[in-house]
Amino acid sequence: MELSGAQILFECLKREGVDAVFGFPGGAVIDIYDEMPRHPEIKHYLVRHEQGAIHAADGYARATGKVGVCLVTSGPGATNTVTGIANAYMDSIPVVIFTGQVPSPLIGNDAFQEVDIVGITRPCTKHNYLVKDVARLAGVIKEAFYLARTGRPGPVLVDLPKDVIQARTEFKYPRQVRMRSYNPNLTPNAKQVARALEAIHKADRPLFYVGGGVVSSDAHKELTWLAKKLNVPVTATLMGLGSFPGDDPLWLGMLGMHGTYAANRAVQECDLLVAVGARFDDRVTGKLATFAPGAKVIHVDVDPTSIRKNVRVDVPIVADCRETLVALKAQVEAAGGPETLRRKRQQWTETIKAWKIDHPLTYNGADSGEIKPQAVVETIYELTKGEAIITTEVGQNQMWAAQFYNYHKPRTLLTSGGLGTMGYGFPAAIGAQVAFPDTLVIDVAGDGSIQMCIQEMATAMCYNLPVKIVILNNGYLGMVRQWQELFYKKNYCATCMDWAPDFVKLAQAYGAEGYRVTDPAQVRPVLAQAFGNGKPTIVDVVVSREENVYPMVPAGASLHEMLLV
Amino acid sequence: MRHVLSILVENEPGVLSRVAGLFSGRGYNIETLNVGPTLDREVSLMTITTSAPEVVIEQIIKQLRKLVTVIKVVDMNDHMAVEREMMLVKVGAEGEKRAEILRIVDIFRCKVVDVSSDELTIEATGDRGKLEAIIALLQRFGIKEIARTGAVAMKRSMQ
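Residues numbered from 1 in each chain as written. Chains lettered and ligands numbered in written order. Predicted model: local features only at pLDDT ≥ 70, side-chain atom pairs only at ≥ 80, totals over all residues. Heavy atoms only, no water.

Engineer: Whenever I open this one, the overall build of chain A confuses me. Can you help?
Structural biologist: A tally of helices and strands in chain A yields 23 helices and 20 strands. The globule rule puts the C-alpha radius of gyration for 565 residues at 24 Å, and the 24 Å found for chain A is close to it. Projected onto its principal axes, the C-alpha coordinates of chain A cover approximately 70 × 60 × 40 Å. Expressed as a percentage of the 565 residues in chain A, the buried residues total 60%. Partitioning the intrachain contacts of chain A with sequence separation of at least 6 by distance along the chain shows that 76% fall at a separation of at least 24. (Helix = DSSP H or I, 4+ residues; strand = E, 2+ residues; numbered from the N terminus. Rg over C-alpha atoms; globule rule 2.2 N^0.38 Å. Buried < 20%, exposed > 50% of the residue type's maximum accessible area, 1.4 Å probe, protein only. Contact = heavy atoms within 4.5 Å.)

Engineer: Help me understand the sheet that holds strand β13 (residues 296–301) of chain A in this model?
Structural biologist: Strands in a sheet are paired, the pairing made by backbone hydrogen bonds, and the direction either parallel or antiparallel. Residue and element names in this part refer to chain A. The strand order β11-β10-β9-β12-β13-β14 describes an open sheet built from six strands, whose pairing is parallel. Each of the sheet's edge strands pairs with one partner strand only, and the pair in question is β11 (251–254) and β14 (315–318). Mean inter-strand twist for the sheet, computed between neighbouring axes without regard to direction, equals 15°. As paired strands, strand β10 (residues 234–236) and β11 are joined by two bridges and run parallel to one another. Bridge pairing in β11 places Ala236 opposite Met254. (Pairing = 2+ DSSP bridges. Axes fitted to C-alpha atoms, helices over the stretch in contact; angles between N-to-C directions.)

Engineer: Can you walk me through the packing of helix α1 (residues 15–25) of chain B against helix α2 (residues 54–66) of chain B in this structure?
Structural biologist: Axis angle and axis distance: for two packed helices, these are the angle between their axes and the distance between the axes, and together they describe the pair. Residue and element names in this part refer to chain B. At a minimum axis distance of 11 Å, the contact between α1 and α2 shows a crossing angle of 145°. Both α1 and α2 take part in a crossing whose hand is right-handed. Residues Val19, Leu22 and Phe23 of α1 lie in contact with α2, whose contacting residues are Ile60, Gln63 and Leu64. By residue class, the composition of the contact of α1 with α2 is five nonpolar, one polar and no charged. (Left-handed = near helix turned anticlockwise from the far one by under 90°. Nonpolar A, V, L, I, M, F, W, Y, C, P; charged D, E, K, R; others polar.)

Engineer: Would you mind going over the interface of chain A and chain B with me for this structure?
Structural biologist: How big an interface is tends to be stated in terms of the accessible area lost upon association of its parts. Of the residues lining the interface, 17 residues belong to chain A; the matching set on chain B comes to 18 residues. Summing both sides of the interface, chain A and chain B together bury roughly 1,500 Å²; the carbon and sulfur share of this comes to 43%. Across the chain A-chain B interface, the total number found is five salt bridges. Linking chain A with chain B are 10 residue pairs in polar contact (both at pLDDT 80 or more), by the criterion used here. Across the side of chain A that touches chain B, the residue classes tally to five nonpolar, four polar and eight charged. (Buried area = accessible area lost by both parts, 1.4 Å probe. Salt bridge = Lys/Arg side-chain N within 4 Å of Asp/Glu carboxyl O. Polar contact = N/O pair within 3.5 Å; in protein donor to acceptor, adjacent residues only side chain to side chain.)

Engineer: What exactly am I supposed to notice about the pairing of strand β12 (residues 272–276) of chain A here?
Structural biologist: Residue and element names in this part refer to chain A. Buried residues dominate β12, accounting for five of its five residues. Every second residue of β12 is oriented toward a common face, with Leu272, Val274 and Val276 on one face and Leu273 and Ala275 on the other, all of them buried. Note that strand β9 (residues 206–210) and β12 share five bridges and pair parallel. Within β12, the residue paired with Pro206 across the bridge is Leu272. For β12 and β13, the ladder comprises five bridges, and the chain directions are parallel. If you follow Val276 over to β13, its bridge partner there is Val300.

Engineer: What is the right way to read the environment of Gly277 of chain A from this model?
Structural biologist: Residue and element names in this part refer to chain A. In this structure, Gly277 sits in the loop between β12 and α13 (282–285). On the basis of relative accessible area, Gly277 is assigned to the buried category, the value being 12%. Residues Gly277 and Leu147 lie 130 residues apart in sequence; the distance between their C-alpha atoms is 18 Å. Beyond its immediate chain neighbours, meaning those up to four positions away, Gly277 contacts Gly211, Gly212, Gly213, Val214, Val300, Asp301 and Cys321.

Engineer: Would you take a moment to explain helix α19 (residues 425–435) of chain A for this structure?
Structural biologist: In an α-helix, one turn spans 3.6 residues; hence positions three or four apart end up facing the same way. With 10 of 11 residues buried, α19 of chain A is to be regarded as a mostly interior element. The set of residues buried in α19 of chain A consists of Gly425, Phe426, Pro427, Ala428, Ala429, Ile430, Gly431, Ala432, Gln433 and Val434 of chain A.

Engineer: Where do I start with the nonpolar core in this structure?
Structural biologist: Grouped burial of nonpolar side chains is what soluble globular proteins tend to show. Formed by 68 residues in total, the largest nonpolar core has its most connected members in Phe208, Val376 and Ile380 of chain A. Beyond its immediate sequence surroundings of up to four residues, Val376 of chain A is in contact with Ile371, Val470, Leu472, Val523, Leu527, Val541 and Val543 of chain A. (Core = buried A, V, L, I, M, F, W, Y, C linked by side-chain atoms within 4.5 Å.)

Engineer: When you look at the pattern of salt bridges in this model, what are you seeing that I'm missing?
Structural biologist: Note that side chains of opposite charge can pair when their charged atoms are close. All names here are of chain B. In this structure the tally under the stated criterion is 39 salt bridges over all chains. A salt bridge links Glu100 to Arg140; its shortest N-O distance comes to 2.3 Å. Residue Glu100 is found in helix α3 (residues 97–107), and its partner Arg140 is found in the loop between α4 (128–138) and β8 (143–148); the two are separated by 40 residues along the sequence. Residue Glu100 is classed as partly exposed on the basis of its relative accessible area of 28%. Glu119 serves as the salt-bridge partner of Lys144, at 3.1 Å between the closest nitrogen and oxygen.

Engineer: I keep staring at a nonpolar patch on the surface and nothing clicks. Help me out?
Structural biologist: On the surface, a nonpolar cluster with roughly 220 Å² of combined accessible area is contributed by Leu102, Val112 and Val115 of chain B. Owing to a relative accessible area of 38%, Leu102 of chain B belongs among the partly exposed residues under this scheme. (Patch = residues over 30% accessible without salt bridge, like charges linked within 9 Å, V, L, I, M, F, W, Y side chains within 5 Å. Areas by Shrake-Rupley, 256 points an atom, 1.4 Å probe, with all protein chains shown as cover.)

Engineer: It is not clear to me how unusual backbone geometry should be interpreted in this structure. Could you clarify?
Structural biologist: Both trends apply: most residues other than glycine have a negative phi, and most peptide bonds are in trans. The omega angle of the peptide bond from Tyr550 of chain A to Pro551 of chain A is -5°, so this bond is cis rather than trans. Looking at where Pro551 of chain A falls in the secondary structure, it is placed in the segment after β20 (537–542). Of note, Arg411 of chain A is a non-glycine position whose phi angle comes to about 65°, a positive value. You can see Arg411 of chain A is positioned in the loop between α18 (396–403) and β16 (413–414). In this structure, Arg109 of chain B takes a positive phi of about 50° despite not being glycine. Secondary-structure assignment places Arg109 of chain B in the loop between α3 and β6 (111–115). The exposed category is assigned to Arg109 of chain B, whose relative accessible area is 74%.

Engineer: Would you take a moment to explain the layout of surface pockets for this structure?
Structural biologist: Vacant regions in the atomic arrangement are exposed by a probe of water-molecule size rolled over the atoms. Volume-wise, the second largest pocket comes out at about 1,100 Å³. Those elements that provide at least two residues to the lining of the second largest pocket are α5 (82–90) of chain A together with α1, α2 and β4 (70–75) of chain B. Element by element, the count of residues in the lining of the second largest pocket is highest for α1 of chain B, at five residues. In the lining of the second largest pocket, the residues fall into 15 nonpolar, 13 polar and 13 charged. (1 Å grid on protein atoms, 1.4 Å probe; cavity = no way out; pocket = protein on both sides within 12 Å on 5 of 7 lines; lining within 4 Å. Points joined across faces, edges and corners; volume = space filled by probe spheres on them.)

Engineer: Whenever I open this one, the packing of helix α12 (residues 261–269) of chain A against helix α16 (residues 346–358) of chain A confuses me. Can you help?
Structural biologist: All names here are of chain A. For the pair α12 and α16, interaxial distance at closest approach is 8 Å and the crossing angle is 145°. In terms of crossing hand, the pair formed by α12 and α16 is right-handed. Contact residues: α12 offers Tyr261, Ala262, Arg265, Ala266 and Glu269, while α16 offers Trp348, Trp355 and Lys356. Looking at the contact of α12 with α16 residue by residue, the class counts come to five nonpolar, no polar and three charged.

Engineer: In this structure, what is going on with the sheet that holds strand β19 (residues 513–517) of chain A? I would like to understand it.
Structural biologist: Residues and elements named next belong to chain A. The strand order across the open sheet built from six strands is β16-β15-β17-β18-β20-β19, with neighbouring strands paired in parallel fashion. What marks the edges here is a single partner per strand, and that holds for β16 and β19. Pairing analysis gives five bridges linking β19 to β20, with the strands arranged parallel. Counted as the bridge partner of Glu513 is Thr537 from β20. Sitting on the sheet, α19 is in contact with β15 (389–392), β16, β17 (441–446) and β18 (468–473), with an inclination near 180° to β17.

Engineer: Please explain the pairing of β9 of chain A as it appears in this structure.
Structural biologist: All names here are of chain A. The buried fraction of β9 amounts to five of the five residues, a majority that puts the element mostly inside the structure. Residues Pro206, Phe208 and Val210 line one face of β9 and the alternating positions Leu207 and Tyr209 line the opposite face, and both faces are buried. Pairing geometry for β9 and β10, over three bridges, is parallel. When the bridges of β10 are listed, Phe208 appears paired with Val234.

Here you go:
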């Protein structure tokens, strides 16, 4: 039977198991929206700005591990998604973005709402397509989903000219994808795995350094098993938080610029660094020349370009993280079980323990009468017992949420790691809440970041998504102010948010709940009330204005050169 | 060091900009770039010469392989290979200069492909060293214009 391009799109989405689409209509995609009501299995969430759509699709993808889907019109609709696409690209999040395009004959004519979105997004998508023939549409969509979720995941954009959406063709969904130029290697080389295991066994001071790849490949169980059985402590990047239980004695906390003292010291003093699904980002390594100076490096990554990009590697393994850890586990078992390979490493364990005790994550002035932002995050953790999905904006709020909340499970922290996108957290929380309607979803926000996508309050209200926004309100763009304080002689240029809305009234204007907290004693009861009210809610917490995030490794310094509280 | 990369790509719109964009976006340089069809109509061959430290070359090759439309990347420096480039040079050739230029043409087995009362256009083929030598020798006659194809390369049958 012949179907229109729009009908084909929906048939493909169904076959890919898509149940939610975040979008915003416009002239170029009106045929798709015209078709939409006939496909109630796919629920459309109308956002208030296309950036909200792409971040929500991204949040949905991070929370579920499925491919997030976003649908926008041509021109400004498409360009408004670019930040979110770059965000998903940097963090390797599987998202498929459908953009409308002017009719094929008009392409290149500077037509109304025309933009070369394929050209614009080429460097920030895993791949992208302009569909020129409706006969190719189903194949392209199949490829787009396949590319988005396999190998190193990432965003894939499909640009749909209006005439292609309207044209009709016989619908046939390909059963499998065959691309001669794309074959990610997932299976680890057995010899390399054996070398890795031998290196771990021999090491006196080994350390797991894990990143988002462990989360995206669902390797957390294998990681936890190996770390515990082989007695190897674990640190994680911001993207890797949740892939190892935050209350385990082997857990060191996050490493890097705002990493814990113990994690950063352990990196600098380990003799073996086992990097799994992490990419040695500059915020993690500090000064490269002095990073992990005494360590042999094992690096597991599905993306060959990550390996030897920034650091020398002794045992490279290009493969899926989970498959690699499964293979490691199998070799441990084949060698006679963990008992034969487990080493006590008492000195290493004791040293790490001492670092943790001597320099825990902490802050001053808990009894100063001011609300400490770190205490707010701690309270959120205590109230939720780590069972919530936390999203963050970007800046100090993000770092405190990373430091003072113990993540026990993967996919419970959704945060813009690579791109550092202010405005990400709230729409991402909406996406996560769509996926998990019964889970508490909390956006830890700053008063600056939250204003970047605040319009999505209407989306949360419209679909009854009871997302909680906890604003750590210090009246500053706090992270930049912190840099100005520490490195720019307190020249607080353009970081004081002199005017902000009354967030309580703002919530109420949308029909949501709003609370303001100024008294430390009220933090817990108000948060408890907010988390239990079943409605989209803003909690505006007025915190110590000039609180800083510590530890801090100044940009360009070595990891052990931390500024402490 | 200078490397010659042979890159087989899907012959589809935008593939050149994907490759060129990769180089510009990551700060790699392109010295020469040549694209042409192959026996398979769906595949084009791109030849890029670039100079960079070895770790950067490794990264360039990996990044190229990561592009979805790139089928295969061969670093010709890893193989015995023939490398050729074609060049057209328009050179001033008034009076007595002409005979001398024609001798150079003869020595380097070039061809004269266009002639006027005061200019000669010469077609030269060779590896980079030969073309540079020709340019150096013609310099003093006054080179008016140069057009070069960029290098193409092929692995030798006997490796």
